[in-house]
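# Secondary and tertiary structure notes
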Amino acid sequence: MGHMTRDIPIPWRGHDRAGRNLELRAGVARDAPRYLELLHVLVSETRNMLQTAADPLPDASSQRSTIDGLARRDNAVCVVASRGGQPGKSVLLGCATLIGGRSRATLHAAELAMGVRREAWGGGIGGALLDACLTWARKGSILTRVSLQVYADNPAAIALYLSRGFELEGRHRNYARHGEERIDLIGMGISLLPGAAQ
Ligand SMILES: CC(C)(COP(=O)(O)OP(=O)(O)OC[C@H]1O[C@@H](n2cnc3c(N)ncnc32)[C@H](O)[C@@H]1OP(=O)(O)O)[C@@H](O)C(=O)NCCC(=O)NCCS
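Below: a short report on this structure. (Residues numbered from 1 in each chain as written. Predicted model: local features only at pLDDT ≥ 70, side-chain atom pairs only at ≥ 80, totals over all residues. Heavy atoms only, no water.)

## Examining the overall build of the protein
Across its full length, the protein holds 4 helices and 8 strands. Referenced to the eigenvectors of the C-alpha coordinate spread, the extents of the protein come out at roughly 45 × 40 × 35 Å. Burial statistics for the protein: of 198 residues in total, 47% are counted as buried. Distance from the positive charge centre (25 side chains) to the negative charge centre (19 side chains) of the protein: 4 Å. (Helix = DSSP H or I, 4+ residues; strand = E, 2+ residues; numbered from the N terminus. Buried < 20%, exposed > 50% of the residue type's maximum accessible area, 1.4 Å probe, protein only. Lys, Arg positive; Asp, Glu negative; His and termini not counted. Charge placed at Lys NZ, Arg CZ, Asp CG, Glu CD.)

Given below as structure tokens:
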């Protein structure tokens, strides 16, 4: 599976579905304030992320180190989407991180997290971010598996992941709590190996 992934090397410049400029590139330390602004928007616009608007975000300097740290690792990547322009100046429309494990047993296994600003939904940006992460992972020789967790009531994200070859792997019942509401969390995963084994 996974045949639907487009090859999107980073950096990449092209257009979204509406014909507007779209640039995908690795996040850099200078993006930290814009990145935090994006995270604030993502956790405020929906309750589809595990982090919520009530949780504190890091300050700019620790966000800079986080982005820097990811850039230095060979089993992790942080991809940001914008209309182009200078890092630090350009508003970020979406982001995706792929973070591989730190132990010998889990170096090959990365967790994906992503989000796109609501105003930009439906433009192909989420798909492009995911394709860029999978392209990056396939080009390297370390990651052979990507997994993620998604709320069971988030059909847009689940459809996106299924379309790129992710499979449903399990369900944590009533995992997340939002007020009185309890939401199941679905585990999904994809093997990056040519065969079936992960
Ligand atoms: C899920 C999300 C990342 C999709 O981003 P997007 O830029 O709107 O996605 P795209 O326009 O690239 O669409 C890609 C695919 O997603 C699926 N999709 C997107 N919106 C959908 C919707 N409203 N209903 C069903 N499927 C949808 C489709 O499979 C679509 O395929 P298509 O390109 O053939 O239409 C975005 O809605 C988002 O950030 N939501 C809030 C945060 C979130 O849910 N993050 C994921 C947490 S696990």
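Read on for the rest.
## Examining the site of the ligand
By nearness alone, 22 residues border the ligand, and R17, V116, G122, G126 and G127 come closest of all. The backbone of V116 places a nitrogen or oxygen atom 2.7 Å from an oxygen atom of the ligand. Notes on the ligand: free accessible area 920 Å², of which the protein chains cover 72%. Going through the elements one at a time, β5 (109-116), α3 (125-139), β6 (145-151) and α4 (155-163) are the ones with two or more residues in the shell around the ligand. (Near = heavy atom within 4 Å. Polar contact = N/O pair within 3.5 Å; in protein donor to acceptor, adjacent residues only side chain to side chain. Areas by Shrake-Rupley, 256 points an atom, 1.4 Å probe, with all protein chains shown as cover.)

## Brief notes about the pairing of strand β3 (residues 76-82)
Counted residue by residue, β3 has 7 buried out of 7 residues, so it is predominantly covered. The side-chain alternation of β3 yields two buried faces, one formed by A76, C78, V80 and S82 and the other by V77, V79 and A81. As judged from the 4 bridges shared by strand β2 (residues 21-26) and β3, these two strands associate in the antiparallel manner. Bridge pairing in β3 links A26 to V79. Relative to strand β4 (residues 92-100), β3 runs antiparallel, the two sharing 7 bridges. Note on β4: the bridge partner recorded for A76 is I99. (Pairing = 2+ DSSP bridges.)

## Notes on the packing of helix α1 (residues 32-45) against helix α2 (residues 60-72)
Running from amino to carboxyl end, α1 crosses α2 at an angle of 100°, the nearest separation of the two axes being 9 Å. In terms of their interaxial angle, α1 and α2 are classed as roughly perpendicular. Contacts from A32, Y35, L36 and L39 in α1 reach A60, Q63, R64 and I67 in α2. Its residues assigned to classes, the contact of α1 with α2 comprises 6 nonpolar, 1 polar and 1 charged. (Axes fitted to C-alpha atoms, helices over the stretch in contact; angles between N-to-C directions. Parallel < 35°, antiparallel > 145°, perpendicular 65-115°, else oblique. Contact = heavy atoms within 4.5 Å. Nonpolar A, V, L, I, M, F, W, Y, C, P; charged D, E, K, R; others polar.)

## As for the side chain of T97
For T97, the position within the fold is in strand β4. Beyond its immediate stretch of four places on either side in the chain, T97 contacts Y35, L70, V77, C78, E111, L112 and A113.

## With respect to α4
All of the buried residues along α4 are A157, I158, L160 and Y161. On an axial view of α4, the arc spanned by its buried residues comes to 160°, and they lie on one face. Among the exposed residues of α4, those oriented more than 90 degrees off its buried face are P155 and A156. Residues of α4 that are buried in the fold lie against β5, α3, β6 and β8 (181-191). Remark: G165 follows α4 within two positions and exhibits a positive phi of approximately 100°. (Arc of directions from axis to C-beta.)

## Focus on the pairing of strand β1 (residues 12-15)
Burial along β1 is one-sided: W12 and G14 are buried, while R13 and H15, pointing the other way, are not. In terms of strand pairing, β1 meets β2 through 4 bridges, oriented antiparallel. Its bridge partner lying in β2, H15 is registered against N21.

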